[in-house]
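# A closer look at the structure
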Amino acid sequence: ACQGLSCYHPSSGLLTEGLQCSICLDVFTDPVTTPCGHNFCKTCLNKCWDDSQTCSCPYCKETFKHRPDLKINTTLRELIDHYKKKNTQQMIQDRIKKIQDIKHSAEVRKRSTKREKAARIEPFTDLIRSIERHQTELLEMMEEQQKAAEKQEQELIEEREQEITELKMRNTELEQLSRTEDLIPIYSSLCSPRNSRNWPEISVNTHEILETLKRALTQLKDTIGDKLYQTKLKWMQHYAVDVTLDPDTAHPKLILSDDGKQVRHGDIRQKLPDKLERFDTYISVLGKEGFSSGRFYFEVDGYWTVWLRNGDEYKALSDPSVSLSLRVKPQRVGVFVDYEEGLVCFYDVESSSHIYSFTAQSFTGKLYPYFSPCKNDGGKNSGPLIITAVN
């Protein structure tokens, strides 16, 4: 008989205790049973007795006067054969499942890579089209200016040719009249100046053309720069995450919306549970979700970790802080983080312009979105800070 046959499922990685030889600690091979009722591999038990002067049970230490005649426990062997067969089948199923999992992961990664490629290519395609459009417009403008210059030059040539013709005719008349007595009055009449335009007035203004071209190239450069920022922002927005505010971290004077997307400053300090993670000095609140790897992006209307004070004072809170000069006042700010690259970028979403980037940072542990609407200031700053959906 076999003792304690409490079978575990093979996929759990544990051998069935009742099918295990206590000498070799493996599944029985040719199991035999001692008179005291314990089971061992036949080879293991014989070797144990061959190396000893007495024959005793290796498990319970009961000693036998005569060396027992060991017979194969056929019932136990059949059970072991069934177990091994089942275990082999389970191993096959486990490997089939593993192959399926690998194939599924490969397919998911393939689809993800395809989406990522499309997301990255689309903005650059837009940028290329924009550059090509501006290039076409610039070339058309230069062509129009060239045609205008050629037309002006042709008009100049025709006027000069007309003047030459008139001068030749006058010269012929003068030769014919040179023999007459009334030469002086006629000569004066023929030599009197005609209406003719001065060269400087009708010359091609090369300087103006060059200045126009320079302005067009500068505009193209600015447009390409803006388009590059738009492209980068569009790429960053593919890493958008759903950020909600964590009430357990909110300063007692902050009022959060039910959906956890808005926060504003209230004048009354609320009675809230005293939590270690709650802001008590700074009028701030954290996002619920923390991030310890990868990239993430979110957008917010209002205050951001790039500092806005007194309506028009902007600072990046680095060490030391950096004053920022912004062309327009941002209404919606996008925040992008690349954990592994140590990068935190801030963008003006509406104008697709870059505000500031913290680079070469060393992150440890989880990062949490940080928000502060600042003080109410007697109702002057009563509007909420809003976490907005990324389009």
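Residues numbered from 1 in each chain as written. Predicted model: local features only at pLDDT ≥ 70, side-chain atom pairs only at ≥ 80, totals over all residues. Heavy atoms only, no water.

In the annotation of an unreviewed UniProt entry, the chain is listed under the name E3 ubiquitin-protein ligase TRIM39-like and assigned to Sinocyclocheilus rhinocerous.

Here the focus is a negative patch on the surface. Negative charge collects at one region of the surface, where E137, E140, E143, E144, E150 and E153 lie side by side. Tracing the backbone through its elements, the reader meets E143 in helix α2 (residues 74-177). (Patch = residues over 30% accessible without salt bridge, like charges linked within 9 Å, V, L, I, M, F, W, Y side chains within 5 Å. Areas by Shrake-Rupley, 256 points an atom, 1.4 Å probe, with all protein chains shown as cover. Salt bridge = Lys/Arg side-chain N within 4 Å of Asp/Glu carboxyl O. Lys, Arg positive; Asp, Glu negative; His and termini not counted. Charge placed at Lys NZ, Arg CZ, Asp CG, Glu CD. Helix = DSSP H or I, 4+ residues; strand = E, 2+ residues; numbered from the N terminus.)

So, about the pairing of strand β8 (residues 295-301). Buried residues dominate β8, accounting for 6 of its 7 residues. In the sheet, β8 pairs with strand β12 (residues 332-338) via 7 bridges, with the strands oriented antiparallel. Considered in β12, the bridge of V300 is made with V333. Where β8 and strand β16 (residues 385-388) come together, 3 bridges link them in antiparallel fashion. Residue pairing across strands places E299 opposite T388, the latter belonging to β16. (Buried < 20%, exposed > 50% of the residue type's maximum accessible area, 1.4 Å probe, protein only. Pairing = 2+ DSSP bridges.)

Turning our eyes to something else, we now look at the side chain of S352. Checked against the element boundaries, S352 lands in the loop between β13 (343-348) and β14 (353-358). Setting aside residues up to four positions removed in sequence, S352 forms contacts with D226, Y229, Q230 and L233. (Contact = heavy atoms within 4.5 Å.)

The full count for this structure, using the stated rule, is 10 aromatic pairs. Ring centres of W49 and F64 lie 6.3 Å apart, and the angle between their planes is 75°; on these two criteria the pair is classed as edge-to-face. Linking W49 in helix α1 (residues 42-50) with F64 in strand β4 (residues 63-64), this pair joins segments that are 15 residues apart in sequence. By relative accessible area, F64 is classed as buried at 11%. In this structure an aromatic cluster arises from ring pairing among W235, Y239 and F336. (Phe/Tyr/Trp six-rings, centres within 6.5 Å; stacked < 30°, edge-to-face > 60°.)

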